[in-house]
Structure formats: C-alpha cells, structure tokens
Amino acid sequence: MNSFYIVIEVVIAVLSISGNILVCWAVAINTTLKNATNYFLVSLAVADILVGCLAIPFAITISLGITLDFYGCLFLACFVLVLTQSSIFSLLAIAIDRYLAVKIPLRYKELMTGKTAREIIAILWILSFVIGLIPFFGWNMKLKRCNNSSSADVTTNTTNTTNTEGQMGAGDLLRSCKLQCFFEIVVDMNYMVYFNFFVCVLPPLLIMLGIYVKIFTVARKQLRQIELKCVGNGDSHHHSLLQKEIRAAKSLSIIVGLFAVCWLPVHILNCLTLFYGQLKKPEVIMYVAIILSHANSAVNPIIYAYRIQDFRNTFRKILAQHFLCHREDLYLSSNGSRRNRDQIHMTIDPLL
C-alpha cells in the first residue's frame with residue numbers, strides 16, 4: 001500500500017506544481033491579469049506549488065516512519081500545516097474578494113487595489129507560519145515521547161553537565177530524542193482538533209459557505225433585474241440569463257463541495273483519534289484522506305483559474321510557444337505594450 005500511496009502522491013505533486021506554475025506564469029506575462037483577484041490566486045498557487053515541492057515529499061517521508069530527531073520530525077509535520085493553512089486563508093480571501101466585486105462593483109476597484117491585496121497576502125502568510133509553527137513552542141508530544149521512552153536515543157543539548165536542579169530544568173527544555181517519525185507521534189491531537197480544526201479550518205469553511213451563498217443570492221437578484229429590463233429582447237436573451245445563473249450555481253457547488261470533500265476527511269480522522277483513542281483506523285482510509293487533502297492543491301487551478309477565459313487563452317499561448325514550439329502572433333497595443341491578438345478582458349465576476 002505504501003508504494004501505491006507514494007505513486008499517487010508523486011502524481012498529485014507533479015500536477016499541482018505544473019498547474020500552479022502556469023497560473024503564476026500567466027499573471028506574470030499578461031498585464032490584464034494583474035489585478036487584486038489574481039494576486040490572491042497567485043498566493044494560492046504559490047502555496048500549492050510548495051505543497052507539491054515540499055509538503056508532499058515531507059508527507060511521504062513521515063509515512064515511511066524513518067528514525068529522526070524529534071524536532072526534525074516535528075518540522076516536517078509543521079511545514080505541512082503552514083502551507084495548508086496558507087491555502088485555506090487564500091481560499092477565504094478569494095471568497096471575500098469575489099463577494100465585494102459582486103456586492104459593491106462600483107467601489108470594488110477603489111477598495112481592493114493591488115497594493116491592498118499584497119498587504120493582505122503578506123499578513124495571511126505571517127498568520128499561516130504562526131499557526132503552523134505553534135507546536136514548536138511547546139504544544140507537542142515531546143515530553144510524552146522522549147521522557148517515557150527508556151530505549152530512546154536521548155541527546156541533550158547542554159554545555160554544562162552539573163547536576164544542579166536549575167540546570168537540569170534548563171536542559172529539559174532543550175532535550176530531544178530519536179524516534180520513529182509519524183505525524184501522530186510528534187503532533188498533539190488536541191492542537192490539531194481544538195485549535196487547527198475548530199478554530200482555523202472549520203470557521204473559514206463555514207464563512208466561505210455563507211459568502212458563496214450570498215454571492216449566489218445577489219447574483220440571481222441582479223440577473224432577475226436585468227431580465228425584467230430586457231423582456232422585450234426575446235426568449236434567446238432570457239435563455240442566456242438563465243444559463244448564467246446556472247453557471248454561477250455550479251461554480252458555487254464546485255468551490256464549496258470540493259473544499260469540504262478534500263479537507264474534512266483528514267480532520268474527521270483526527271477527531272476520531274483524539275476522542276476514540278482505541279479505535280482502529282484502517283490504513284487505506286488514512287491514506288485516502290491524506291491524498292484528498294493534497295489533491296486540493298492540484299484542483300485549485302482548475303476551479304479558480306481554468307474557468308476564467310483570460311487564463312485559458314494565456315495557458316494556451318504559453319503551452320504553444322514554449323512546449324509545442326508554435327509561435328503566437330503578437331502586436332503592439334495603443335499604449336505600446338505587447339499583447340496577444342485574442343486577449344479577452346476578465347469580467348467583474350468570473351463566477352457568472
């Protein structure tokens with residue numbers, strides 16, 4: 001099972017890295033994509049690239065159960081938490097950004113500038129590191145795993161070996177040990193359930209659900225108002241408006257549904273581990289939950305970027321020029337910048 005799990009993880013890593021690099025590349029070369037919304041998409045893409053480059057290899061290492069120093073193993077586990085938390089924050093920022101674009105379209109560009117988006121992204125990354133590295137500040141399993149294991153290879157990082165009580169106390173704070181590295185061995189499930197899940201994952205999920213429901217409600221109301229104003233244009237126009245409403249509903253269900261499908265299983269397993277410690281969890285279920293959480297990094301470009309026509313056109317040009325060796329015709333726009341001939345400006349709300 002380990003071999004199959006590793007193969008799947010490698011495939012997800014390749015898809016996540018390649019898809020999200022395309023997102024960053026597209027924003028870098030297409031000036032029409034340089035806006036606040038797409039800066040959040042780039043932040044999400046960067047987090048997902050790091051998931052493919054580092055978090056997945058770290059998860060594979062942890063799954064092998066190799067012998068590591070306690071803090072080395074804790075670093076592998078915490079780094080995964082930093083990146084996944086950053087992805088969740090980016091998804092939440094995108095949801096709020098889309099709500100503002102629909103709710104107050106006239107003031108949106110004034111409020112959500114590129115500078116504001118970059119500042120928000122910086123704050124979200126700092127928060128992600130703080131939340132993910134909390135176990136390094138003591139909320140971990142070191143005392144239980146190192147002090148209770150008489151067979152562990154204990155290494156104490158102290159320079160003075162005198163036996164005074166105060167010096168022993170200082171040494172205890174820096175004491176580490178060699179152990180078989182597994183996630184549940186070093187990370188406290190109380191931290192994962194009560195803080196990470198109940199505070200940092202579940203509330204953003206519920207907030208996102210509420211925001212996208214509100215987006216759908218506002219968009220449907222606006223479409224109905226437009227429909228009433230355009231009754232005399234015939235059934236074809238009425239049909240196109242209904243199609244836009246259906247497309248918005250599908251986007252909402254995909255965004256919320258896949259986020260829940262990808263992230264809830266692993267956190268539900270963490271809850272079972274904490275509340276029912278004696279419960280035997282089948283290995284295959286644990287692997288499936290981990291794979292789903294990592295797969296969210298691979299599907300994010302499809303949901304948030306590939307559905308936007310500007311991105312699709314830019315992806316096509318990148319692939320044609322740099323991988324299929326097909327040259328695309330470029331021309332100079334009125335302001336002298338180089339732009340693609342069939343470049344299409346993104347609408348104010350790509351969900352509709």
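Residues numbered from 1 in each chain as written. Predicted model: local features only at pLDDT ≥ 70, side-chain atom pairs only at ≥ 80, totals over all residues. Heavy atoms only, no water.

Can you walk me through the overall build of the chain in this structure?
Helix and strand counts for the chain come out as twelve helices and five strands. Every one of the 352 residues in the chain was classed for burial, and the buried ones make up 43%. Contacts in the chain between residues far apart in sequence, at least 24 positions, make up 81% of those at least 6 positions apart. Only carbon and sulfur atoms are counted for the fraction: they give 65% of the accessible area of the chain, which is about 18600 Å². (Helix = DSSP H or I, 4+ residues; strand = E, 2+ residues; numbered from the N terminus. Buried < 20%, exposed > 50% of the residue type's maximum accessible area, 1.4 Å probe, protein only. Contact = heavy atoms within 4.5 Å. Areas by Shrake-Rupley, 256 points an atom, 1.4 Å probe, with all protein chains shown as cover.)

Sorry if this is basic, but what is going on with a nonpolar patch on the surface here?
Residues Tyr-194, Phe-198, Val-199, Phe-275, Tyr-276 and Leu-279 make up a contiguous nonpolar surface patch of roughly 600 Å² in combined accessible area. Considering each element in turn, the nonpolar patch owes the most residues, three residues, to helix α9 (residues 189–229). With respect to the helices and strands, Tyr-276 occurs in the loop between α10 (235–275) and α11 (283–304). (Patch = residues over 30% accessible without salt bridge, like charges linked within 9 Å, V, L, I, M, F, W, Y side chains within 5 Å. Salt bridge = Lys/Arg side-chain N within 4 Å of Asp/Glu carboxyl O.)

Please explain the packing of aromatic side chains as it appears in this structure.
Given two aromatic rings, one states the distance between the centres and the angle between the planes to describe the pair. All told, the structure shown has 15 aromatic pairs when counted by the stated rule. Relative to Phe-79, the ring of Phe-75 lies with its centre 5.7 Å away and its plane at 40°, an arrangement referred to as tilted. Taken together, the residues span about one helical turn, with Phe-75 and Phe-79 both in helix α3 (residues 70–103) at a distance of four residues. Both rings, one in Tyr-194 and one in Phe-198, keep their centres 6.0 Å apart while their planes meet at 70°; by these two values the pair is edge-to-face. With a gap of four residues between them, Tyr-194 and Phe-198 both fall in helix α9, about one helical turn apart. The class for Phe-198 is partly exposed, based on a relative accessible area of 35%. Through successive ring pairs, a cluster of aromatic residues spans Tyr-194, Phe-197, Phe-198 and Phe-275. (Phe/Tyr/Trp six-rings, centres within 6.5 Å; stacked < 30°, edge-to-face > 60°.)

For this particular structure, what's the right way to read the nonpolar core?
Across soluble globular proteins, you tend to see nonpolar side chains buried next to one another. Membership of the largest hydrophobic core comes to 83 residues, with the highest contact counts inside it found for Val-186 and Phe-311. Per-element tally for this core: the top contributor is α3, with 19 residues. (Core = buried A, V, L, I, M, F, W, Y, C linked by side-chain atoms within 4.5 Å.)

Quick question: what am I supposed to make of the packing of α3 against helix α5 (residues 114–132) here?
For any two helices packed against each other, one specifies the crossing angle of their axes together with the interaxial distance. Contact geometry of α3 with α5 gives a least axis separation of 8 Å together with a crossing angle of 145°. At the point where α3 passes α5, the crossing takes the right-handed sense. Seen from α3, the contacting residues are Cys-78, Leu-81, Val-82, Leu-83, Gln-85, Ser-86, Phe-89 and Ala-93; seen from α5, they are Leu-124, Trp-125, Leu-127, Ser-128, Phe-129, Ile-131 and Gly-132. Tallied by class, residues from the contact of α3 with α5 come to eleven nonpolar, four polar and no charged. (Axes fitted to C-alpha atoms, helices over the stretch in contact; angles between N-to-C directions. Left-handed = near helix turned anticlockwise from the far one by under 90°. Nonpolar A, V, L, I, M, F, W, Y, C, P; charged D, E, K, R; others polar.)

Help me understand the state of the cysteines, please; the structure alone is not making it clear to me.
Each disulfide consists of one covalent bond between the sulfur atoms belonging to two cysteines. Using the criterion set out here, one finds two disulfides in the structure. Disulfide partner of Cys-146: Cys-177, at an S-S distance of 2.1 Å. Between Cys-146 and Cys-177, the disulfide has an S-S torsion of -70° and is therefore left-handed. In this pair, Cys-146 is assigned in helix α6 (residues 142–147) and Cys-177 in strand β3 (residues 175–180), connecting sequence segments 31 residues apart. Judged by its relative accessible area of 1%, Cys-177 falls in the buried class. If you count the bonded cysteines of the chain from the N-terminus, they pair up as 1-4, 2-3. (Disulfide = S-S within 2.5 Å.)

Just checking my understanding: could you explain the packing of helix α1 (residues 2–29) against helix α2 (residues 36–64) for this structure?
Taken N-terminus to C-terminus, the directions of α1 and α2 make an angle of 160°; their axes are 8 Å apart at the nearest point. If you check the angle between α1 and α2, you find them roughly antiparallel. In this structure, the crossing between α1 and α2 has a hand that is left-handed. (Parallel < 35°, antiparallel > 145°, perpendicular 65-115°, else oblique.)

I keep staring at α1 and nothing clicks. Help me out?
Residues spaced three or four apart along an α-helix face the same direction, because each turn holds 3.6 residues. For α1, spanning 28 residues, the distance from its first C-alpha to its last is 40 Å, which sits close to the expected 40 Å at 1.5 Å a residue. Of all the positions in α1, only Tyr-5, Glu-9, Ile-12, Ala-13, Ser-16, Gly-19, Asn-20, Leu-22, Val-23, Cys-24, Ala-26 and Val-27 are classed as buried. (Expected span 1.5 Å × (residues − 1).)

What should I look at first to understand the layout of surface pockets in this one?
In this approach a probe as big as a water molecule rolls over the atoms, and the regions it shows empty are the leftover space. Each pocket or cavity is described by its volume, and for the largest pocket that value is around 930 Å³. Listed by contribution, the elements that provide at least two residues to the lining of the largest pocket are α1, α2, α3, α6, α8 (183–186), α9, α10 and α11. Of all the elements, α10 adds the most residues to the lining of the largest pocket, at seven residues. (1 Å grid on protein atoms, 1.4 Å probe; cavity = no way out; pocket = protein on both sides within 12 Å on 5 of 7 lines; lining within 4 Å. Points joined across faces, edges and corners; volume = space filled by probe spheres on them.)

Would you take a moment to explain the pattern of salt bridges for this structure?
Pairing between side chains becomes possible if they bear opposite charge and their charged atoms approach one another. Per the counting criterion, the structure on display carries two salt bridges. The partner of Asp-97 in a salt bridge is Arg-98, and the shortest N-O contact between them spans 3.3 Å. Measuring nitrogen to oxygen at the nearest pair gives 4.0 Å for the salt bridge that ties Glu-184 to Lys-281. Residue Glu-184 is found in helix α8, and its partner Lys-281 is found in the loop between α10 and α11; the two are separated by 97 residues along the sequence. Its relative accessible area of 21% is what places Lys-281 among the partly exposed residues.

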